[in-house]
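Analysis of the macromolecular model
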Amino acid sequence: MLHTVNKSPFERNNLDACLNRAAAGSAILLYEDAVYAAVAGTAVAERVRHAAEQHDVYVLAPDLQARGMKDAALVEGVKPVDYTGFVELVAARGTATAWL
Amino acid sequence: MSEEATVKKFMYLNRKAPHGTIYALEVLEMILVAAMFDQDVHVCFADDGVYELKKGQDAKGALEMKDFVTTYRALDGYDIEKLYAEKESLEERGLTAADLVVPVEVIDRAAMAALIDSMDVVLSA
Amino acid sequence: MKFAILVNEGPFNHQASDSAYQFCKAALDMGHEVVRVFFYYDGVHNANRLSEPQSDDRNVVRRWSELGVRHGLDLSVCVAAGLRRGIKDDVLAPGFRITGLGQLIEAGIEADRLVTFGD
């Protein structure tokens, strides 16, 4: 399964809602405002690092670039993908669940 | 090749409270249509979604808004019988199954996670 | 692979429609099939041909129309969600059509994956 999260963890609880219920080994994509969760050095970085030990965590690079975070250090274990990678993840990982 | 129709596991995952936004109402409209398709339908309530089922709602009397919540009680008549609410979400909000307008199966977060993981299609709001 | 796309938000308040568009474009470029793009909730506003964004901004409605026409996409607008928001046949941009919620369920059955973009 691929879980998608698109809200900033500083404003909404979508990331926690996802992490609380994503089965181990599933993939999680952070995109739109959720890309802020992928950046190292924030208050949620440790939680995301821990998540990346149990899940395959990805971040959508175009959304980072749009927000001035293109060259930002990412939380350890989080892998950037572009839209082609997003499509590949949906194709490869089965059902897509959006945590809106 | 089998001529049997495809039956997929569909989940309608409600995570939003009922009246502050329109999502709960329009998800319910989706569920009523889904009932006509002979798919394996699961309706789940987690996070603020459990508030959709709270007894005693009176959006019409209080605000002239639509009392769509009563429709949940009709789901049984549409052969939609797999309703689940997450135990932790209820507890966090000081609710129990007795506070809800319809009988639901209360499952814990781990069981909810496993149920989600077993679905073919998840429609969430 | 067959994809179905669900767009839950209008063209401007949220990024959802932009994300859905970029996803569709990438999937089509990669040779995948997009069996239906379904517009629900405020997503029905993506079909409004009366939308006139400022000239230095993307035109979200026209962009969906052009992608739809170019690739023969089924851009389906939910009738129930559309009616309550004033989106009917006479304001539809080229390439969009009014359909029922059944078309969303059907897309979920027929496609290999249904991908939701919303708020």
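Residues numbered from 1 in each chain as written. Chains lettered and ligands numbered in written order. Predicted model: local features only at pLDDT ≥ 70, side-chain atom pairs only at ≥ 80, totals over all residues. Heavy atoms only, no water.

So, on to the overall build of chain C. Summing up its helical and strand segments, chain C has four helices and five strands in all. Taken against the 2.2 N^0.38 rule, which gives 14 Å for 119 residues, the C-alpha radius of gyration of chain C at 13 Å falls within 12% of a compact globule. Projected onto the principal axes, the alpha-carbon positions of chain C cover approximately 35 × 30 × 25 Å. Evaluated residue by residue, chain C yields a buried proportion of 61% over its 119 residues. Residue pairs at least 24 apart in sequence account for 74% of intrachain contacts in chain C once pairs closer than 6 positions are excluded. In the form shown here, chain C has an accessible surface area of approximately 4700 Å², with 42% of it arising from carbon and sulfur atoms. For chain C, the distance from the average site of its 13 positive side-chain charges to the average site of its 16 negative ones is 2 Å. (Helix = DSSP H or I, 4+ residues; strand = E, 2+ residues; numbered from the N terminus. Rg over C-alpha atoms; globule rule 2.2 N^0.38 Å. Buried < 20%, exposed > 50% of the residue type's maximum accessible area, 1.4 Å probe, protein only. Contact = heavy atoms within 4.5 Å. Areas by Shrake-Rupley, 256 points an atom, 1.4 Å probe, with all protein chains shown as cover. Lys, Arg positive; Asp, Glu negative; His and termini not counted. Charge placed at Lys NZ, Arg CZ, Asp CG, Glu CD.)

Next up on the list: helix α4 (residues 102-110) of chain C. Those residues of α4 of chain C that fall on the buried side of the exposure criterion are Gly102, Leu104, Ile105, Ala107, Gly108 and Ile109 of chain C. For α4 of chain C, the secondary structure elements touched by its buried residues are β1 (9-14), α1 (23-34) and β5 (121-124) of chain B together with β1 (2-7), β2 (33-39) and β5 (113-117) of chain C.

Let us look at the interface of chain A and chain B. Contacts between the two partners involve 15 residues from chain A and, on the opposite side, 17 residues from chain B. Across the chain A/chain B interface, buried area totals approximately 1200 Å², and carbon plus sulfur atoms make up 48% of it. Considering only the surface of chain A that becomes buried against chain B, Arg21, Thr95 and Leu100 of chain A emerge as the three largest contributors, covering 47% of it. On the surface where chain A and chain B come into contact, there are two salt bridges. One salt bridge connects arginine 21 of chain A with aspartate 47 of chain B, and the closest N-O pair in it is separated by 2.8 Å. Applying the counting rule to chain A against chain B returns eight residue pairs in polar contact (both at pLDDT 80 or more). Those elements that place two or more of their residues in the side of chain A that touches chain B are α1 (14-19) and β5 (96-99) of chain A. The leading source of residues in the side of chain A that touches chain B is β5 of chain A, at four residues. Residue classes in the side of chain A that touches chain B are distributed as seven nonpolar, six polar and two charged. (Buried area = accessible area lost by both parts, 1.4 Å probe. Salt bridge = Lys/Arg side-chain N within 4 Å of Asp/Glu carboxyl O. Polar contact = N/O pair within 3.5 Å; in protein donor to acceptor, adjacent residues only side chain to side chain. Nonpolar A, V, L, I, M, F, W, Y, C, P; charged D, E, K, R; others polar.)

Here we take up the packing of helix α4 (residues 83-93) of chain A against helix α1 (residues 16-29) of chain C. With their axes 9 Å apart at the nearest point, α4 of chain A and α1 of chain C run at an angle of 80° to one another. Considered as vectors, α4 of chain A and α1 of chain C are oriented roughly perpendicular to each other. Residues Tyr83, Thr84, Phe86, Val87 and Val90 of chain A of α4 of chain A form the contact with α1 of chain C, whose participating residues are Ser19, Gln22, Phe23, Ala26 and Ala27 of chain C. Looking at side-chain class alone, the contact of α4 of chain A with α1 of chain C contains seven nonpolar, three polar and no charged residues. (Axes fitted to C-alpha atoms, helices over the stretch in contact; angles between N-to-C directions. Parallel < 35°, antiparallel > 145°, perpendicular 65-115°, else oblique.)

In this section: the sheet that holds β5 of chain A. All names here are of chain A. Reading across from one edge, β4-β3-β2-β1-β5 is the order of the five strands in this open sheet, with parallel pairing throughout. Edge positions in the open sheet fall to β4 (79-81) and β5, since each of these has one partner strand only. Taking the axes of each pair of neighbouring strands and ignoring which way they run, one obtains an average angle of 30° across the sheet. Direction of pairing for strand β2 (residues 27-30) relative to strand β3 (residues 56-60): parallel, over a ladder of four bridges. Among the inter-strand pairings, leucine 29 is bridged to a residue of β3, identified as tyrosine 58. (Pairing = 2+ DSSP bridges.)

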